[in-house]
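Single-letter residue listing:
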Amino acid sequence: MLDQSMQFERFLLNDVLIDTKKMRVKTAGKWTPIEHKQLALLRLLIYKAPEPVTRDEIIEQLWPNLIVSDNSVSQLIVQLRKVLGDTSKKPLFIKTVPKVGYQCIATFSHTPTLIEKSKTPNKNIPFHWMMGGIALGFSLALVILFDWKGDGSTQKIDYISRITSAPGAEVQLSFSPNGRYLAYSQIVSGSSQFDLAVYDLQTQTSHTVKSSGYSEQFPAWSADGNWLVYYRFGPFGCEVRALSVNNAIELWRLNKEVHLLECDGAHEPEKIIWYSKDSLLVNRAMSGKKALVKYDTFIDDRGQLELRESQILQGVQHYDVLGDNLLYSNTNDEVFKSRVSFDGEAVELVGLGKISKPYFGLTESEVVSLTGDLRLHVGEQKTASIYKPYGKITELAVGRGSGHLAHTEGTAEVNLYLFNRNKAEFQAISSNSRVDTLASISSEGMQLAYVSTAPRVDPQIDHVEVWIKHRLKASPSLLTKMSKSDKPRLLLFSSDGEYLAILSEANTLFIINVFAKNPVAVVKENSSLRNIYWADDGKSIYYQTTESGEQQYWQYDVGSTGNYLLAENGNKPLPLSKKNISFDGFLLALKQYLFEVLEGQVSLEQLSSSIDLYRPAVHKNGIYYVIKQGHQLSLYNFNSVVQKNEFVADIGLHLYSMNVDLGLSTTEDGNQIILNRVENLEMDIVLHKFADP
């Protein structure tokens, strides 16, 4: 059996080079990506070699605390063999051991060191090859040079290293004011609670500061660096605590904590910014809406911290502070800058476009954004890609005291499951190698469509895919590919399941026949397009636009492929079951309806944040919705026939937001429910340093 203390970063398996840091495999001179789950399986097989690994052990190690079938193991083995270029008939890497499991039969070896490589005789390189290499290098230099759009110098970043690489996730980053420490939350595979940890950049070591059995998240530093403030989530509530950190880091875990605030355990927390000695900012849910709240801090005669609420700024999604400047995005992802005191008018930074998570760079004139890759913006015209990740970046932190930048990078599986209320069981219906969202099930339950995207940033993939599955067929099939600029945000089946309407983020409406698979653009990039729904017979679709301030009502006939302008009375009242997210105020209407009928059984904040996280699904007898309590997700149904709230099932954990659309879809009778699960979260911290301009 192989020593588990061996270096498992870059090695050879037979003649295949495997790079675990960059999650890729080199076969026949070509790099291909390898999934986290595939790599975890490969690691297990290598460690156990030459002993075989049973299917039960694979399930226990790779899917802890989950019920999965043997087919999941078989499919993962098939995928891993494909990546390695192996076959089951003539295996060179993975051998099937009948009635037992699988065995690694490949030869493991470390990649040669630089010294070992220097002992290899050099070959004469033809002169024209050498000149071609110089020309190629010069061309690449030009590409890098002109990647910056605009004039003048800029701050680029130099990659340093990953600083975490354990199974699980390290997220929610915050640099200390002097830049020496990076605080973060970490969760190991199979656990449901976060611990608080701090990485010391000077000694390059990590320290677990809090491991209480509760979930400690979103650490932040006081302006003087003497306090660490964070959320603690327990089974019955949430509070904000502060920990004194003005002594040696080895003693922090023993220091006394101070209770600061109560918070809503169902609400997804936002980072706290303690930007001055006397003030801090917290983004909280208030009356069902996000609001940025400013608190004044006081230390009493006993040395205890106290907070007093002073000001509120509504509608803030994400925010960052540098000095006296506040940078934030609103609910439409528009970016604004104002005074952190809220006493001046906010200025929209129009040149940046829409950014869901803007951060200040080293100066207040720089903005760093997450748009697939990391981008640096200076003014309204200059923008550059400063880092292209292999995985998904979800957040970052800037250490202005040291010039460092850290970000999270990794993946999570976003899978689709079918829950049948008659059988009370979950059935996986999509591949774990993609991110599958926006599911729509036809009214009778025979057809299912969903959007599938690559889990990693890949500049070669410029499209998303729409897949469709028939209930009587074992496998789904590709329905159509769509440009990323026309990425879907709504799929809607006609009543007979023959047509699928697709509304894109660019507000283009497509109609596609599920048999002919040829999308037709009915309305092209119309920002006023809204209120889309199918006629009862499924032969036409209705929608609304605005022209010169006048509302117009349209009908598109799928038979004649013609658009027809209707009279004003075409705007007939519709039941909630016919509406969807294309309707103005649809989610708000769902929240208000549920809050009224539940009669205070669930707090407005809890209900609102849960609906923002998981889109509900309306059927003829009620509404399915998800409630998040702590990390646990529970599925409920409000039965409108008997006016009763019904618990349906626990549907797993939601540990961390991956910025993907999660939601429910149901048949007309409500017996079949399609839902998303976020599983196997794997996030590491990557460290960079800003280079001199």
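As a reminder, the structure under discussion sits directly above these lines.
Residues numbered from 1 in each chain as written. Predicted model: local features only at pLDDT ≥ 70, side-chain atom pairs only at ≥ 80, totals over all residues. Heavy atoms only, no water.

**Student:** Before we go on, may I ask you to explain the packing of helix α2 (residues 55-62) against helix α3 (residues 70-84) in this structure?
**Tutor:** Each packed pair of helices is defined by two parameters, the angle between the axes and the distance between the axes. Where α2 meets α3, the closest approach of the two axes is 10 Å, and the angle between their N-to-C directions is 85°. When the axis of α2 is compared with that of α3, the two are roughly perpendicular. Facing R55, I58, I59 and L62 of α2, the residues of α3 in contact are D70, V73, S74 and L76. Grouping the constituent residues of the contact of α2 with α3 by class yields 5 nonpolar, 1 polar and 2 charged. (Axes fitted to C-alpha atoms, helices over the stretch in contact; angles between N-to-C directions. Helix = DSSP H or I, 4+ residues; strand = E, 2+ residues; numbered from the N terminus. Parallel < 35°, antiparallel > 145°, perpendicular 65-115°, else oblique. Contact = heavy atoms within 4.5 Å. Nonpolar A, V, L, I, M, F, W, Y, C, P; charged D, E, K, R; others polar.)

**Student:** What should I look at first to understand the packing of aromatic side chains in this one?
**Tutor:** To describe a pair of aromatic rings, you give the distance between the ring centres and the angle between the ring planes. In the structure shown here, the tally under the stated rule is 15 aromatic pairs. Judged by centre distance (5.6 Å) and plane angle (20°), the ring pair of Y328 and F336 falls under stacked. Both residues of the pair, Y328 and F336, count as buried. With a centroid separation of 4.7 Å and an interplanar angle of 45°, the aromatic rings of F419 and F426 are classed as tilted. By relative accessible area, F419 is classed as buried at 4%. Above the face of the Y417 ring, R677 is positioned so that its terminal group lies 4.5 Å from the ring centre. (Phe/Tyr/Trp six-rings, centres within 6.5 Å; stacked < 30°, edge-to-face > 60°. Buried < 20%, exposed > 50% of the residue type's maximum accessible area, 1.4 Å probe, protein only. Lys NZ or Arg CZ within 6 Å of the ring centre and 35° of its normal.)

**Student:** What exactly am I supposed to notice about empty space enclosed by the protein here?
**Tutor:** It is the rolling of a water-molecule-sized probe over the atoms that shows where space remains empty. Taken as a whole and judged by the stated rule, the model has 2 cavities of 30 Å³ or more. By volume, the second largest cavity amounts to about 30 Å³. (1 Å grid on protein atoms, 1.4 Å probe; cavity = no way out; pocket = protein on both sides within 12 Å on 5 of 7 lines; lining within 4 Å. Points joined across faces, edges and corners; volume = space filled by probe spheres on them.)

**Student:** What's the story with the pairing of strand β49 (residues 644-653) in this structure? I'm lost.
**Tutor:** Here strand β48 (residues 632-639) pairs with β49 via 8 bridges, running antiparallel. Bridge pairing in β49 links L633 to G652. What sits between the antiparallel neighbours β48 and β49 is a turn of 4 residues, in which Q643 has the positive phi angle 50°. (Pairing = 2+ DSSP bridges.)

**Student:** Teacher, can you tell me more about the packing of helix α1 (residues 36-48) against α2 here?
**Tutor:** Between α1 and α2, the least distance of the axes is 11 Å, while the angle of their chain directions is 130°. Between α1 and α2, the angle falls in the class oblique. Handedness of the α1/α2 crossing: right-handed. Residues K37, A40, L41, L44 and K48 of α1 form the contact with α2, whose participating residues are E57, I58, Q61 and L62. Of the residues in the contact of α1 with α2, the class split is 5 nonpolar, 1 polar and 3 charged. (Left-handed = near helix turned anticlockwise from the far one by under 90°.)

**Student:** Help me understand the pattern of salt bridges, please; the structure alone is not making it clear to me.
**Tutor:** Note that side chains of opposite charge can pair when their charged atoms are close. Scanning the model with the defined rule gives 23 salt bridges in all. When the shortest N-O distance is used, the salt bridge between R24 and D19 registers 3.8 Å. By relative accessible area, D19 is classed as buried at 6%. The partner of E409 in a salt bridge is R162, and the shortest N-O contact between them spans 3.7 Å. Linking E409 in strand β31 (residues 404-420) with R162 in strand β9 (residues 157-162), this pair joins segments that are 247 residues apart in sequence. What makes R162 buried here is its relative accessible area of 18%. One salt-bridge network, held together by shared partners, links K210, E216, R232, E239, R241 and E257. (Salt bridge = Lys/Arg side-chain N within 4 Å of Asp/Glu carboxyl O.)

**Student:** Whenever I open this one, the sheet that holds strand β42 (residues 540-547) confuses me. Can you help?
**Tutor:** Sheet strands associate in pairs through backbone hydrogen bonding, adopting either a parallel or an antiparallel arrangement. Pairing is antiparallel in the open sheet, where 4 strands are placed in the order β41-β42-β43-β44. Lying at the two open borders of the sheet, with one neighbouring strand each, are β41 (530-534) and β44 (562-566). Strand-to-strand twist of the sheet, defined as the mean angle between neighbouring strand axes without regard to direction, takes the value 25°.

**Student:** What exactly am I supposed to notice about the environment of L396 here?
**Tutor:** Tracing the chain through its elements places L396 in strand β30 (residues 392-399). A residue is classified by how much of its surface remains accessible, and L396, at 4% relative accessible area, is buried. Taking C-alpha positions, L396 is 10.0 Å from F175, a pair spaced 221 residues apart along the chain. Setting aside residues up to four positions removed in sequence, L396 forms contacts with Y359, V368, L370, L374, A406 and H407.

**Student:** In this structure, what is going on with helix α6 (residues 586-598)? I would like to understand it.
**Tutor:** Given 3.6 residues per helical turn, the α-helix brings residues three or four places apart onto the same face. When the terminal C-alpha atoms of α6 are compared, their 18 Å separation across 13 residues agrees well with the 18 Å that a helix rising 1.5 Å per residue should span. All buried positions along α6 are accounted for by F586, L590, K591, L594, V597 and L598. Along the axis of α6, the buried positions cluster into a sector of 145°, meaning they face one direction only. Where α6 is buried, its residues touch α7 (604-613), β46 (617-619), β47 (622-629), β48 and β49. Within two residues after α6, E599 carries a phi angle of roughly 50°, on the positive side. (Expected span 1.5 Å × (residues − 1). Arc of directions from axis to C-beta.)

**Student:** Hey, could you run me through the sheet that holds strand β14 (residues 215-221) in this one?
**Tutor:** Strand order in the open sheet formed by 4 strands is β14-β15-β16-β17, with antiparallel pairing between adjacent strands. Each having just a single partner strand, β14 and β17 (257-263) make up the two edges of the open sheet. The mean angle between the axes of side-by-side strands here comes to 25°, regardless of whether they run parallel or antiparallel. By the bridge criterion, 8 bridges tie strand β15 (residues 227-234) to strand β16 (residues 237-244) in an arrangement that is antiparallel. Across the sheet, residue V229 finds its bridge partner in β16, namely A242.

Coordinates in, geometry out; function isn't part of it.
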